[in-house]
Amino acid sequence: MNFTVRNAEMKDYESVIKIMNQVQQMHVHWRPDIYKPNNSMIPEDVFAKIVEGDTFFVAEAGEIVVGIMEIIFQHIETPSHVTRDVIFIDSMAVHEDYRGLGVGHLFFEKVKQIKEEKHCDGIELQVNSKNKAAYEMYLKYGFTVKSINMELLYQ
C-alpha cells in the first residue's frame with residue numbers, strides 16, 4: 001500500500017478525530033483510573049488554529065487519512081542542561097486498520113526531514129508503558145529510553 005504524508009487541513013478534521021478517539025479508547029482500556037472517554041479530543045475551532053501551523057500532519061492512503069502526527073518545537077536552555085533544539089512528537093497515531101503497514105516509519109522519516117531542515121539536535125517522544133507495540137516500534141527505529149515516569153497512587 002502506498003502512503004503519503006502531508007500537512008493537515010480542515011477537511012481532515014473528522015478523520016483526525018476518529019483516529020484520536022481510537023487511541024483514547026486504548027488509553028481508557030489500559031488506565032481507566034487516569035483516562036476517560038472523550039469523543040471530541042480537539043474542538044473544531046482549536047483544530048482550525050492547529051492546522052495553520054506546520055506542526056500537524058496526516059498520512060494518507062489515496063484520499064483516506066490513515067494516521068496523524070503532531071510535533072512541538074522545544075528550545076531547551078537552562079543552567080543544568082546543554083542548550084538544544086528538539087522536536088517533540090506530541091502525538092502519533094495510526095488508524096487501527098492500517099497499523100503495522102509502515103505508516104509510523106513514514107512519520108519518522110518526515111520528522112527526520114524536518115529535523116535536518118530546522119537544524120534541530122534531536123527528536124523525542126513519550127509512550128504509554130502499556131503500549132508495547134508502539135514501544136517496540138520506537139526501539140526498532142532507533143529511539144532509546146531517556147527517562148522513566150513513575151507514579152504512586154493512593155487509594
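This structure is a prediction, so every number in the text was calculated from the model and none was measured. (Residues numbered from 1 in each chain as written. Predicted model: local features only at pLDDT ≥ 70, side-chain atom pairs only at ≥ 80, totals over all residues. Heavy atoms only, no water.)

Novice: Could you clarify how one ought to interpret the sheet that holds strand 2 (residues 56-61) in this entry?
Specialist: Within a sheet, neighbouring strands are paired by backbone hydrogen bonds and run either parallel or antiparallel to one another. The strand order across the open sheet built from five strands is 1-2-3-4-5, with neighbouring strands paired in mixed fashion. The open sheet terminates on both sides in strands that have one partner only, identified here as strand 1 (4-7) and strand 5 (122-125). Averaged over all adjacent pairs, the angle separating strand axes in this sheet is 30 degrees, with direction ignored. Note that strand 3 (residues 64-76) and strand 4 (residues 84-94) share 10 bridges and pair antiparallel. Counted as the bridge partner of Ile 76 is Arg 84 from strand 4. (Pairing = 2+ DSSP bridges. Helix = DSSP H or I, 4+ residues; strand = E, 2+ residues; numbered from the N terminus. Axes fitted to C-alpha atoms, helices over the stretch in contact; angles between N-to-C directions.)

Novice: Looking at this model, I keep getting lost on helix 3 (residues 103-118). Mind explaining?
Specialist: Note that an α-helix has 3.6 residues per turn; residues three or four places apart therefore point the same way. Compared with the 22 Å implied by 1.5 Å per residue over 16 residues, the 23 Å span of helix 3 between its first and last C-alpha is a close match. Among the residues of helix 3, those classed as buried are Val 103, Gly 104, Phe 107, Phe 108, Lys 110, Val 111, Ile 114 and Lys 115. With its buried residues spanning 160 degrees around the axis, helix 3 presents them on a single face. In this structure, helix 3 carries Glu 116 and Glu 117 as exposed residues pointing more than 90 degrees from its buried face. For helix 3, the elements touching its buried residues are strand 1, strand 2, strand 3, strand 4, strand 5 and helix 4 (132-141). With its phi angle positive at about 60 degrees, His 119 sits one or two positions after the end of helix 3. (Expected span 1.5 Å × (residues − 1). Buried < 20%, exposed > 50% of the residue type's maximum accessible area, 1.4 Å probe, protein only. Arc of directions from axis to C-beta. Contact = heavy atoms within 4.5 Å.)

Novice: So what exactly am I meant to see when it comes to unusual backbone geometry here?
Specialist: Trans peptide bonds make up the majority, and among non-glycine residues the majority have a negative phi. At His 119, a position not held by glycine, the phi torsion is positive, near 60 degrees. The exposed category is assigned to His 119, whose relative accessible area is 66%.

Novice: Which parts of the structure should I look at to understand the packing of aromatic side chains?
Specialist: In this structure the tally under the stated criterion is seven aromatic pairs. Each ring, one from Tyr 13 and one from Phe 47, has its centre 5.4 Å from the other, and the planes form 55 degrees; the classification is tilted. With Tyr 13 in helix 1 (residues 13-30) and Phe 47 in helix 2 (residues 44-50), the pair connects residues that are 34 residues apart, well separated along the chain. Exposure class is identical for Tyr 13 and Phe 47. Each is buried. Three or more aromatic residues joined by ring pairs form one cluster here, namely Phe 108, Tyr 138, Tyr 141 and Phe 143. (Phe/Tyr/Trp six-rings, centres within 6.5 Å; stacked < 30°, edge-to-face > 60°.)

Novice: I keep staring at the environment of Gln 25 and nothing clicks. Help me out?
Specialist: Tracing the chain through its elements places Gln 25 in helix 1. Sequence separation between Gln 25 and Tyr 35 is 10 residues; the distance between their C-alpha atoms is 8.7 Å.

Novice: How do you make sense of the pairing of strand 4 when you look at a structure like this?
Specialist: Regular strands place their side chains on alternate faces of the sheet. Taken together, the four bridges between strand 4 and strand 5 define a ladder with parallel strand orientation. Counterpart to Phe 88 in the pairing with strand 5 is Glu 124. The handedness of the strand 4 to strand 5 crossover, carried by helix 3, is right-handed. (Right-handed = clockwise from strand over helix to strand, strands pointing away.)

Novice: Got a minute to help me understand the pattern of salt bridges in this structure?
Specialist: Here the structure, examined in full by the defined rule, presents 10 salt bridges. Here Glu 9 makes a salt bridge to Arg 6, at a shortest N to O gap of 3.9 Å. A salt bridge links Lys 146 to Glu 124, with the nearest nitrogen and oxygen atoms 3.0 Å apart. A residue pair is termed long-range when its members are at least 10 positions apart, and Lys 146 in the segment after helix 4 and Glu 124 in strand 5 qualify at 22 residues. One continuous salt-bridge network, built from bridges that share partners, spans Arg 6, Glu 9, Lys 11, Asp 12 and Glu 60. (Salt bridge = Lys/Arg side-chain N within 4 Å of Asp/Glu carboxyl O.)

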